[in-house]
Protein chains: 2
Amino acid sequence: MFKEEYFSGLYTDFYELTMSQAYFLSGKKDERVVFDLYFRKNPFGNGYTIFAGLEDAINAVLNFRFSENDLNYLESLGFNKDFLDYLKDFRFQGSIYAFREGDVVFNNEPLLKVEGNIIEAQLLETMLLNFINYQTLIATKTRRMYFAAKGKTVVDFGMRRAQGFAAISGSKASYIGGAAGTSNTYAAKVFGIPPIGTHAHSWIQSFKSEYEAFKRYADIYPDSTTLLVDTYDTLKSGIPNAIKIAKYLESKGHKLKAIRLDSGDLAYLSKKARKMLDENGLGYVKIVVSNQLDENIIDSLLDQNAPIDIFGVGTKLITSYSQPALDGVYKLAEISGRPTLKFSENTEKINLPGNKKVVRVLNEDNNFLLDGVLLNEENENSIKLLRHPSIPFKKTEITDDLKFEKVFYKIVENGKLVYKFPTLKDVRDFSLKRFEQLPSEFKRFVNPHIYRVGLSDKLYNLRHSLIERRLENK
Amino acid sequence: MFKEEYFSGLYTDFYELTMSQAYFLSGKKDERVVFDLYFRKNPFGNGYTIFAGLEDAINAVLNFRFSENDLNYLESLGFNKDFLDYLKDFRFQGSIYAFREGDVVFNNEPLLKVEGNIIEAQLLETMLLNFINYQTLIATKTRRMYFAAKGKTVVDFGMRRAQGFAAISGSKASYIGGAAGTSNTYAAKVFGIPPIGTHAHSWIQSFKSEYEAFKRYADIYPDSTTLLVDTYDTLKSGIPNAIKIAKYLESKGHKLKAIRLDSGDLAYLSKKARKMLDENGLGYVKIVVSNQLDENIIDSLLDQNAPIDIFGVGTKLITSYSQPALDGVYKLAEISGRPTLKFSENTEKINLPGNKKVVRVLNEDNNFLLDGVLLNEENENSIKLLRHPSIPFKKTEITDDLKFEKVFYKIVENGKLVYKFPTLKDVRDFSLKRFEQLPSEFKRFVNPHIYRVGLSDKLYNLRHSLIERRLENK
């Protein structure tokens, strides 16, 4: 459907183009810069974030072009001819470092770093943020649901309420986050995600009786039928009819797969349904629920011992309803070897200057203890201390029982992909496995423990000397 | 970038396909149905909604196909060969009626109606909802900002925080809603929306001094420069430097266009900035503000007499942050001439049965008074009464001073487009003009008046007889 011959360089905020032209016309086009992509707060008051969107973003970087049509458009807006000539041959020739897709990441550490000339690095800003903000948000939201479901299955039913074509990358990100499948057939095909679905109320209504509708469906899908039982009356009609169908299927050597509850009190109804099914020897028939679910409702249902096997989550997942945007930013950290600082009255908003890398510190159980941001030239093995970014007396000693782990990978080098992207399935497996290394105190929903992201002495000192210099200049 | 040779029939919830196959295999494929698309609540507690997404949705309907690749995928999932043959030739052959894009619409009235065979009508459900839910939501959210701005300019700066590719249709919908331009260059090009943008903090930081950065920018864009004044210190550095630049530009026969405030207290800073500019004879320099704006902040700023000319709105607009999904649904209203009812304990959730149309009643001032839902066969000129859907004694008499207006148009007839879509600019103009016919009591943010959507006697009686029949069967 979407044939991407190239990725349009116009997929960007207009000011990236006007700025780039200005860089070009003021002779700055070959200045080397470093930009960091990071966010300032974990979403949802969460204790962690799941990094997603990397592969799509990098593919867009590598195919970022200006077609003749794009250039004609810019010309019609009065862009300079020499600059348009420059854009005609535009290919990203810089380097990109990032966390692996699916990794657990935290606020105020670079997730991705771009090294390049000022124009190529600037032009990518909007697209990188657009891709990574959304997919990271959805992967994180889904991970919360996955966590709340305590081993029960979560599936993505969000397509109809998704923000337009966000449905596609949203379903992909939800799979990384922990969804076991999606109702979005297009995403299922393109990304190899298991497609999930049965029938709607309209199927039931298209027959004179619920029983007839159930029976016809079961005849067509004898081994994969999930019956929606709430069209007329869940307890008096839907479940009794589903039980009859299950018995009918048994008589033919088949098994009813599941029933689905889509309205009413899901805790009460799922318990009633489980009891009615079990009393009829149908312990194998699963219970699927849907209807405005989110991680808190999943948590509450399981807390009430609701015997639910599968949670179909729609709107709240695919739009990340409780917080529909991640506050990811893309900030200049260095230009022509000079570290840059964006000052702010708000201490938390002051960036980390310089060309940096991120390392993770694992404790003796191989679990995540804290992350460290270092200057690029530093060797982590010489780091004995990681410091709080602002408060001088807050520091963590790196003792001999701790070990550093590489988390920041080179993805693109001088315009060439030097990293092999794993399959989506492998990203999901990696992500769920990584999650086990995150101690539980960071996973709880209420007041999660705050994960430390420390600075090396050198970075700390650099930042503070630049802050001091800024304050003296005032 | 996105070359749409066709619109994939897989852009749908998987259950639409399993149901369609079941319709096909149970010999129901030629049954005629009517589906209504509507929503149950205006978003944001609003008193109205702006309908958007129609043209994109209809284009997708007319190009809805299953490619060989799509069919191979379905075959790999075990779909039936005869059904796949049927899908191979799939073309929508039904008819679609809808409000015009940009019109003011209300909850619980059909926005769009599909007549067709049960498979073609069912298969479109997810896609229609996906397109119309999001674009309608964004157009409505933007209209609230447009309304709050009281004639000042609102522009869309949301791309980097948009939910992935939602950025594209979101910018389009925000233009319909009332935004005067967008930072999204891709959408600007494709839809002919004015592109907006100047420079970021990184431009300033790439120079040794703010003054030098401003001057270089002004030299390059002498007639269209907006200077971002908050990189270092808005009042002590940014605005004084901008004033110097404005004077410099004047000396060359040019004019500084605007300054932009992107942090701090925007009410305080905009007043200070206006005063400083005016004292220097720079009354023509406009003030642009951005930073987490929404309709309430715009309202509050203007309430404080903040002298702001242009509001750049990002995250809160493009994600519809305060409510990121519209609850649009698509319900079976008739099958084989039989009106259908989806019963619910919740009275508001019971649908309107039968094949219907919508008309609008205008008062003597040509303003919107109420809408009426009628059975299709009814002539509105014979309607003397419109009734509340549930409460028998609530009715509105249609007196002679009132007149009916056509609001529901035939868009597609037997698979052919029979409606000429206006340009996007015309949709926006139409939408803003229509908005003037909506009395102000429906526009206020706090407790807006509830617009009436009444039923004809015939539809009321049909619905109530079906409800009674359902209750008797229980």
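This is a predicted model, so every value here is computed, not measured.

A. The arrangement of the overall build of chain A in detail. Secondary structure summary: chain A contains 16 helices and 23 strands in total. Overall, the C-alpha framework of chain A stretches about 80 × 60 × 40 Å when taken along its three principal axes. When burial is assessed residue by residue, chain A has 63% of its 474 residues classed as buried. Taking contacts inside chain A between residues at least 6 apart in sequence as the whole, the part at least 24 apart equals 75%. Counting every atom, chain A has about 17,500 Å² of accessible surface; 47% of that belongs to carbon and sulfur. Across chain A, 65 positive and 60 negative side-chain charges occur, with their mean positions spaced 3 Å apart.

B. Just unusual backbone geometry, in detail. Even without being a glycine, Ser320(A) presents a positive backbone phi close to 45°. Tracing the chain through its elements places Ser320(A) in the loop between helix H14 (315–318) and strand E14 (329–335). Residues other than glycine seldom take positive phi values, yet Asn108(B) does so here, at roughly 65°. Structurally, Asn108(B) is set in the loop between strand E7 (104–105) and strand E8 (112–117). Its relative accessible area of 26% is what places Asn108(B) among the partly exposed residues.

C. Here's a closer look at the packing of helix H1 (residues 14–25) of chain A against helix H4 (residues 81–88) of chain A. Residue and element names in this part refer to chain A. Taken N-terminus to C-terminus, the directions of H1 and H4 make an angle of 105°; their axes are 10 Å apart at the nearest point. Of the possible angle classes, the one that applies to H1 and H4 is roughly perpendicular. Note on element contacts: H4 touches H1 through Asp82, Phe83, Tyr86 and Leu87, opposite Leu17, Ser20, Gln21 and Phe24. Classifying every residue of the contact of H1 with H4 gives five nonpolar, two polar and one charged.

D. Region of the structure containing the UniProt feature "domain: Nicotinate phosphoribosyltransferase C-terminal" (unreviewed entry) in chain A. Within this numbering scheme, the UniProt entry marks residues 355–462 of chain A as carrying the feature "domain: Nicotinate phosphoribosyltransferase C-terminal" (unreviewed entry). The span residues 355–462 of chain A is 18% helix and 34% strand, and its two end C-alpha atoms sit 11 Å from each other.

E. Main features of the relation of the copies chain A and chain B. Between chain A and chain B, which share one sequence, the superposing operator has a rotation angle of 180° and an axial displacement of 0.0 Å; the RMSD is 0.0 Å. Classification of the inter-copy transformation places it as that of a two-fold axis. Take the interface residues of chain A: 100% of them recur as interface residues in chain B, which is what a same-surface contact looks like.

F. Structural detail: the interface of chain A and chain B. Listed as interface residues are 100 residues of chain A and, on the opposing side, 100 residues of chain B. For the pair chain A and chain B, the summed buried area comes to about 8,500 Å², and 57% of that belongs to carbon and sulfur atoms. Viewed at the interface, chain B and chain A are joined by eight salt bridges. Its salt-bridge partner being Asp70(A), residue Lys189(B) comes within 2.9 Å of it at the nearest N-O pair. Inspection of the chain A/chain B interface yields 54 residue pairs in polar contact (both at pLDDT 80 or more). Sorting elements by how many residues they give to the side of chain A that touches chain B places H1(A) first, with ten residues. Here the residues of the side of chain A that touches chain B are counted per class, giving 49 nonpolar, 28 polar and 23 charged.

G. Focus on the environment of Gln304(B). Residues and elements named next belong to chain B. Along the chain, Gln304 turns up in the loop between helix H13 (295–303) and strand E13 (310–313). A relative accessible area of 35% places Gln304 in the partly exposed class. Separated by 37 residues in sequence, Gln304 and Ala267 place their C-alpha atoms 6.9 Å apart. Setting aside anything within four residues of it in sequence, one finds Gln304 in contact with Ala267 and Lys271.

H. Fine view of the pattern of salt bridges. Inspection of every chain in the model, using the stated rule, returns 55 salt bridges over all chains. With its nearest N and O atoms 2.9 Å apart, the salt bridge here joins Asp13(B) to Arg160(A). Of this pair, Asp13(B) sits in the loop between strand E2 (7–8) and helix H1 (14–25) while Arg160(A) sits in the loop between strand E9 (153–156) and helix H7 (166–177), on two different chains. The two residues Asp13(B) and Arg160(A) agree in class, both being buried. Of the charged contacts in the structure, one is a salt bridge between Arg434(B) and Glu405(B), with a shortest N-O distance of 2.9 Å.

I. Structural context of helix H16 (residues 457–473) of chain A. All names here are of chain A. Compared with an ideal rise of 1.5 Å per residue, which puts 17 residues at 24 Å, H16 spans 24 Å between its outermost C-alpha atoms and is within 8% of the ideal. Leu459, Tyr460, Leu462, Arg463, Leu466 and Ile467 are the residues of H16 that are buried. Looking straight down H16, one finds that the buried residues subtend no more than 165° of arc, so they occupy a single side. Buried residues in H16 make contact with strand E15 (338–339), strand E16 (356–362), strand E17 (368–375), strand E18 (385–387) and strand E23 (452–455).

J. Looking closely at the side chain of Arg274(A). All names here are of chain A. Mapped onto the secondary structure, Arg274 falls in helix H12 (residues 266–279). Exposure remark for Arg274: the relative accessible area of 12% places this residue in the buried category. Non-local contacts of Arg274, meaning those with residues more than four positions away in its chain, are made with Leu282, Gly283, Val285, Lys286, Ile287, Pro307 and Asp309.

K. Broad picture of the UniProt feature "domain: Nicotinate phosphoribosyltransferase N-terminal" (unreviewed entry) in chain A. In the numbering used here, UniProt assigns the "domain: Nicotinate phosphoribosyltransferase N-terminal" (unreviewed entry) feature to residues 10–133 of chain A. End C-alpha atoms of residues 10–133 of chain A are separated by 19 Å, and the span's content is 43% helix alongside 19% strand.

L. Geometry of a negative patch on the surface. Residues and elements named next belong to chain A. A cluster of acidic side chains, namely Glu364, Asp365, Asp400 and Asp401, defines a negative patch on the protein surface. Its location among the elements puts Glu364 in the loop between E16 and E17. On the accessibility criterion, Glu364 (55% relative accessible area) is exposed.

M. Seen up close, empty space enclosed by the protein. Residue and element names in this part refer to chain A. The full count for this structure, using the stated rule, is one cavity of 30 Å³ or more. The volume enclosed by the largest cavity comes to roughly 40 Å³. Together, Leu54, Glu55, Glu101, Tyr419, Phe421, Pro422 and Val427 line the largest cavity. Each residue belonging to the lining of the largest cavity can be placed in one class, and the counts come to five nonpolar, no polar and two charged.

Thresholds applied
- Residues numbered from 1 in each chain as written.
- Chains lettered and ligands numbered in written order.
- Predicted model: local features only at pLDDT ≥ 70, side-chain atom pairs only at ≥ 80, totals over all residues.
- Heavy atoms only, no water.
- Helix = DSSP H or I, 4+ residues; strand = E, 2+ residues; numbered from the N terminus.
- Buried < 20%, exposed > 50% of the residue type's maximum accessible area, 1.4 Å probe, protein only.
- Contact = heavy atoms within 4.5 Å.
- Areas by Shrake-Rupley, 256 points an atom, 1.4 Å probe, with all protein chains shown as cover.
- Lys, Arg positive; Asp, Glu negative; His and termini not counted.
- Charge placed at Lys NZ, Arg CZ, Asp CG, Glu CD.
- Axes fitted to C-alpha atoms, helices over the stretch in contact; angles between N-to-C directions.
- Parallel < 35°, antiparallel > 145°, perpendicular 65-115°, else oblique.
- Nonpolar A, V, L, I, M, F, W, Y, C, P; charged D, E, K, R; others polar.
- UniProt positions renumbered as here; feature names shortened; annotations may be inferred.
- Least-squares fit on C-alpha atoms with pLDDT ≥ 70 in both.
- Buried area = accessible area lost by both parts, 1.4 Å probe.
- Salt bridge = Lys/Arg side-chain N within 4 Å of Asp/Glu carboxyl O.
- Polar contact = N/O pair within 3.5 Å; in protein donor to acceptor, adjacent residues only side chain to side chain.
- Expected span 1.5 Å × (residues − 1).
- Arc of directions from axis to C-beta.
- Patch = residues over 30% accessible without salt bridge, like charges linked within 9 Å, V, L, I, M, F, W, Y side chains within 5 Å.
- 1 Å grid on protein atoms, 1.4 Å probe; cavity = no way out; pocket = protein on both sides within 12 Å on 5 of 7 lines; lining within 4 Å.
- Points joined across faces, edges and corners; volume = space filled by probe spheres on them.

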